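A closer look at the structure
Listed below, chain by chain, are the residues.
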Amino acid sequence: MSPCPHHDFSTAFDPLDLRDPFTLLAQARREQPVFYSPAIDYWVITRYADIKAIFRDHQTYTAANTITPIEPFSDAVKQMLAAGDYSPEPVLSNNVPPGHTRIRALVNRLFTPRRMKGFAPAIQGIAERGVQRLIGRAPVDIVAELTYEYPAYVLFHVLGVPEADVTQVKAWAGNRIKLYYGRPTAAEQLAMTANLVPFWRYVVDLVAEKNAEPQDDLTSDLIRLRDGDDSVLTLNEIASCMITLLVAGHETTTAQINNALLHLLSQREHWERLCRAPEAIPPMLEEMMRYDPSVCTWRRRAVKPSTIAGVEIPAGADLLLMLHSANRDDDVFPQPDMIISSRENLKDQLAFGYGIHYCVGAPLARLEMRILLETLTRALPSLRLVPDQAIEYSRNISFRGPATLRVTW
Ligand code: HEM
């Protein structure tokens with residue numbers, strides 16, 4: 001296996017084009033499972049076993065690069081961030097032990113399945129309110145009318161963020177994703193940065209308010225765990241956790257619900273089965289995460305030289321882990337391009353990552369997706385896609401989900 005940067009996959013692969021990644025990735029898994037992408041200066045890893053081994057070995061492959069902008073920040077952007085006191089620090093996704101271990105242990109105590117279960121009645125209410133708003137209005141774009149905002153309403157309830165701020169925070173979060181995971185021009189980068197500074201200020205103010213007057217929500221729980229002790233957690237670390245959660249906690253879930261709806265309604269026998277047997281929803285959601293994970297890639301950085309699938313990876317190299325490719329690897333999931341929710345090893349799918357950074361919000365995401373699908377199949381069993389619509393995906397390296405989905409019933 002040659003690490004030659006000029007192999008065909010290197011040029012054929014456009015890391016920001018998420019429209020139809022599966023054919024090329026299946027070929028890469030067979031022919032060149034690790035290849036270099038000059039477009040972003042990353043090594044692309046496509047096989048399940050290699051990706052899982054990388055996740056497992058967090059000493060060789062750190063998560064330090066997971067929030068690194070694909071398009072490096074210009075000096076003007078850096079100046080604007082400094083002038084705006086923009087000071088989030090690595091806390092979860094892009095942190096490394098021992099700092100990550102300390103903070104993750106605290107955040108784990110917030111997102112327990114038990115605590116999540118307590119939120120279920122409120123989440124049910126949010127789902128019903130959203131689905132009721134659709135009644136009598138077909139056809140609609142279900143993304144614009146339901147799935148874009150639903151996970152944000154859920155997350156805001158859980159974190160104790162005012163509902164009135166959903167529209168603004170969604171706009172800020174979408175902006176942050178494009179800035180870090182897309183490829184903006186210099187002018188776009190500056191405009192997006194101008195939008196990032198008020199997002200950070202908002203989060204810092206929110207943490208200060210909760211610190212002065214804790215309430216019954218997870219942000220206040222984190223402040224209580226801190227108990228005024230900076231060696232446990234600083235207020236800046238809490239604000240950094242909050243800005244992470246206020247991006248990671250809804251864009252991902254929106255896109256995952258959209259991916260599931262697209263496939264269940266395209267191969268409608270699956271939708272019909274869920275309408276008849278709602279107890280089949282949880283394994284089907286798990287299969288949807290395997291089949292088309294919304295966080296389709298994630299990143300790691302090699303801190304020392306290593307060999308992956310026979311390819312020598314130098315120290316300092318950035319790796320793009322193709323989670324959607326791992327989940328379609330037929331060494332692990334036979335007939336990978338078929339939707340089969342009775343797979344015995346569904347729990348091995350990698351949509352939530354693996355190892356020390358495994359998605360902390362997974363219990364919440366699973367709960368809110370289940371509740372929404374139960375509510376939708378019950379209220380609108382005749383739901384179907386409007387035929388012949390174009391399915392569009394935004395250009396970025398990691399977040400995959402249809403931007404619009406026209407449905408009727
Ligand atoms: C279906 C929805 C979701 C998907 C597909 C998803 C996917 C992921 C993935 C792939 C990772 C990286 C794991 C790794 O590096 O091993 C991750 C980490 C993370 N996710 Fe999620 N996520 C979802 C929902 C959520 C929600 C609802 C929240 C918050 C409430 C959340 C918060 C986080 C955080 C904070 C991390 C970083 C954890 C750490 O580094 O310790 N995610 N997620």
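The structure under discussion appears in the preceding block.
Residues numbered from 1 in each chain as written. Predicted model: local features only at pLDDT ≥ 70, side-chain atom pairs only at ≥ 80, totals over all residues. Heavy atoms only, no water.

A word on the overall build of the protein
- Of the regular secondary structure elements, the protein holds 17 helices and 10 strands.
- Here the C-alpha atoms of the protein give a radius of gyration of 21 Å, agreeing with the 22 Å that 2.2 N^0.38 yields for 409 residues.
- Expressed as lengths along the three principal axes of its C-alpha atoms, the size of the protein is roughly 60 × 55 × 40 Å.
- Taken over 409 residues, the protein has a buried fraction of 56%.
- Carbon and sulfur atoms make up 53% of the accessible area of the protein, which totals about 17,100 Å².
- A distance of 3 Å separates the average location of the 42 positive side-chain charges in the protein from that of its 48 negative side-chain charges. (Helix = DSSP H or I, 4+ residues; strand = E, 2+ residues; numbered from the N terminus. Rg over C-alpha atoms; globule rule 2.2 N^0.38 Å. Buried < 20%, exposed > 50% of the residue type's maximum accessible area, 1.4 Å probe, protein only. Areas by Shrake-Rupley, 256 points an atom, 1.4 Å probe, with all protein chains shown as cover. Lys, Arg positive; Asp, Glu negative; His and termini not counted. Charge placed at Lys NZ, Arg CZ, Asp CG, Glu CD.)

Observations regarding the site of the ligand
- As a structural note, the neighbourhood of the ligand is formed by 32 residues, with H100, R104, R300, H357 and C359 the closest of them.
- With respect to the ligand, the backbone of L92 contributes an N or O atom lying 3.2 Å from an oxygen atom.
- Between the ligand and R300, the relevant distance is 2.9 Å, taken from an oxygen atom to a side-chain nitrogen or oxygen of the residue.
- Contributions of two or more residues to the shell around the ligand are made by α5 (99-108), α12 (235-248), α13 (251-266), β5 (297-302) and α17 (362-379).
- Residue composition of the shell around the ligand, grouped by class: 20 nonpolar, 10 polar and 2 charged. (Near = heavy atom within 4 Å. Polar contact = N/O pair within 3.5 Å; in protein donor to acceptor, adjacent residues only side chain to side chain. Nonpolar A, V, L, I, M, F, W, Y, C, P; charged D, E, K, R; others polar.)

Focus: the pattern of salt bridges
- With the rule as written, the count across this model stands at 24 salt bridges.
- Measuring nitrogen to oxygen at the nearest pair gives 2.9 Å for the salt bridge that ties R137 to E145.
- Residue classification places E145 among the partly exposed residues on the basis of a relative accessible area of 24%.
- Linking R224 and D221 is a salt bridge whose minimum nitrogen-to-oxygen distance equals 2.8 Å. Here R224 and its partner D221 are both found in helix α11 (residues 218-226), 3 residues apart, which amounts to about one turn of the helix.
- Connected through shared salt-bridge partners, R115, D216, D221 and R224 make up one network. (Salt bridge = Lys/Arg side-chain N within 4 Å of Asp/Glu carboxyl O.)

Things to note about the coordination of the iron atom of the ligand
- On the protein, C359 (SG) is the one donor atom to the iron atom of the ligand, at 2.3 Å.
- With respect to the helices and strands, the residue C359 is situated in the loop between α16 (323-326) and α17. (Donors = N, O, S within 2.8 Å, 3.2 Å for Na, K, Ca; no water.)

Considering the pairing of strand β8 (residues 318-322)
- For β8, the tally of buried residues reaches 5 of 5 residues, placing the bulk of the element in the interior.
- Alternating positions in β8 separate into two faces, D318, L320 and M322 on one and L319 and L321 on the other, with burial throughout.
- Taken together, the 3 bridges between strand β2 (residues 42-45) and β8 define a ladder with parallel strand orientation. Bridge pairing in β8 links I45 to L321.
- Two strands pair when backbone bridges link them, and β5 and β8 are joined in this way by 5 bridges, in the antiparallel orientation. When the bridges of β8 are listed, R299 appears paired with L320. (Pairing = 2+ DSSP bridges.)

Examining the sheet that holds β5
- With respect to topology, 5 strands assemble into an open sheet ordered β1-β2-β8-β5-β3, the strand pairing being mixed. Strands at the two margins of the open sheet, each flanked by one partner only, are β1 (34-37) and β3 (61-62).
- For β3 and β5, the ladder comprises 2 bridges, and the chain directions are antiparallel. Residue pairing across strands places T62 opposite R301, the latter belonging to β5.
- On top of the sheet, helix α3 (residues 48-56) reaches β2, β3, β5 and β8; it is set at about 125° to β8, its chief contact. (Contact = heavy atoms within 4.5 Å. Axes fitted to C-alpha atoms, helices over the stretch in contact; angles between N-to-C directions.)

Points about the environment of P314
- Following the sequence through the fold, P314 ends up in the loop between β7 (311-313) and β8.
- Note on P314: relative accessible area 42%, which makes it partly exposed.
- Distance in space between the C-alpha atoms of P314 and Y42 is 11 Å, their sequence separation being 272 residues.

Comments concerning the packing of helix α4 (residues 75-83) against helix α10 (residues 186-212)
- At a minimum axis distance of 10 Å, the contact between α4 and α10 shows a crossing angle of 15°. With respect to α10, the axis of α4 lies roughly parallel. Here the hand of the crossing between α4 and α10 comes out right-handed. Residue-level contacts link A76, V77, M80 and L81 of α4 to Q189, L190, T193, A194, L196 and V197 of α10.
- Looking at the contact of α4 with α10 residue by residue, the classes come out as 8 nonpolar, 2 polar and no charged. (Parallel < 35°, antiparallel > 145°, perpendicular 65-115°, else oblique. Left-handed = near helix turned anticlockwise from the far one by under 90°.)

Keep in mind these values describe shape, not function.
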